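# Structural overview
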Amino acid sequence: YQEFNYEDKQDFFSFYGDESITAIENLSTEYPMFNQIAYSKPKPLISSKLFSKAGIGGIFFPFTFESNINTDIPNYLIPATMIHELAHQAGFMREDEAHFIAYLACINSDNKSLRYSGNFLAFHQGITLLEKEDINYSINFLDIQQNNKI
């Protein structure tokens, strides 16, 4: 079990880059389309501060076929973001599809940190969608969860 805290961000990226590729490739046992591509390891963005200001966690460059990850996002979101960008590499361009693929790959991983990252991604996306529909309900939901300390 690898924790999210690393002294060296390069070690962190290298480890979770490999884990992310393994996680998405493991989906191919049930979904063969994920085994038809040679995934390139996600890379850290040089301009992460700029992307943070724009609210972007990662970006897939189709011209270079590379997934690039914002290093300023919390460490626990990086694995799910890596897999999300790898889903774009696999040809799933819609954001909701890439989120779902990242969630599936994460929760089916043997790595506890990937499972946490995937579950947090799903929770975050769910709350974000709920907020768009009914902001008061989403705030109440979060208050209830905070009081129950889930």
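Data block above holds the structure.
Note that the structure is a prediction, hence the values are computed from the model and not measured.

Pairing between the strands of a sheet comes from backbone hydrogen bonds, and it takes one of two forms, parallel or antiparallel. Judged by pairing direction, the sheet is mixed, and its three strands sit side by side in the order β1-β3-β2 without closing on themselves. The open sheet has two edge strands with one neighbour each: β1 (43-44) and β2 (58-61). In this structure, β1 lies alongside strand β3 (residues 66-69), joined through two bridges in parallel fashion. When the bridges of β3 are listed, Pro44 appears paired with Ile69.

For the rest of this paragraph, the subject is the packing of aromatic side chains. Describing an aromatic ring pair means giving the distance of the ring centres and the angle of the ring planes. Taken as a whole and assessed by the stated rule, the structure comprises eleven aromatic pairs. With centroids separated by 6.5 Å and ring planes inclined at 90 degrees, the aromatic side chains of Tyr31 and Phe34 adopt a geometry described as edge-to-face. Among the residues examined, Phe34 registers a relative accessible area of 3% and is labelled buried. Geometrically, the ring pair formed by Phe34 and Phe92 is stacked, given 5.5 Å between the ring centres and 25 degrees between the ring planes. On the criterion of sequence distance, the pair formed by Phe34 in the loop between α1 (9-26) and β1 and Phe92 in the loop between α3 (78-89) and α4 (95-107) is long-range, its members being 58 residues apart. According to the relative accessible area criterion, Phe92 is partly exposed, its value standing at 21%. One aromatic cluster is present, built from ring pairs that chain together Phe12, Phe13, Phe15 and Tyr16.

Here the focus is the pairing of β3. Direction of pairing for β2 relative to β3: antiparallel, over a ladder of four bridges. Considered in β3, the bridge of Gly58 is made with Ile69.

Inspection of the secondary structure puts His88 in helix α3. For His88, a relative accessible area of 5% gives the class buried. Sequence-distant contacts of His88, defined by excluding residues within four places in its chain, comprise Phe60, Met93, Arg94, Glu95 and Ala98.

With 22 residues, helix α5 (residues 112-133) should cover 32 Å at 1.5 Å per step; its first-to-last C-alpha distance of 32 Å lies within 8% of that length. Every buried residue of α5 is accounted for by Ser113, Leu114, Ser117, Gly118, Leu121 and Ile127. Where α5 begins, the capping side chain belongs to Asn111, and its oxygen is found 2.7 Å from the backbone nitrogen of Ser113.

What follows concerns the nonpolar core. Among the nonpolar cores identified, the biggest contains 26 residues, and Ile24, Leu27, Ile78 and Ile83 are the most heavily contacted of them. Taken together, the elements giving at least two residues each to this core come down to α1, α3, α4 and α5.

Among all residues except glycine, the phi angle is most often negative; among peptide bonds, the trans geometry is most common. Within the chain, Phe65 stands out as a residue other than glycine whose phi angle is a positive 60 degrees. Mapped onto the fold, Phe65 is located in the loop between β2 and β3. Under the relative-accessibility criterion, Phe65 is labelled partly exposed at 35%.

Calculation criteria
Residues numbered from 1 in each chain as written. Predicted model: local features only at pLDDT ≥ 70, side-chain atom pairs only at ≥ 80, totals over all residues. Heavy atoms only, no water. Pairing = 2+ DSSP bridges. Helix = DSSP H or I, 4+ residues; strand = E, 2+ residues; numbered from the N terminus. Phe/Tyr/Trp six-rings, centres within 6.5 Å; stacked < 30°, edge-to-face > 60°. Buried < 20%, exposed > 50% of the residue type's maximum accessible area, 1.4 Å probe, protein only. Contact = heavy atoms within 4.5 Å. Expected span 1.5 Å × (residues − 1). Polar contact = N/O pair within 3.5 Å; in protein donor to acceptor, adjacent residues only side chain to side chain. Core = buried A, V, L, I, M, F, W, Y, C linked by side-chain atoms within 4.5 Å.

These values are about where atoms sit, not about what they do.
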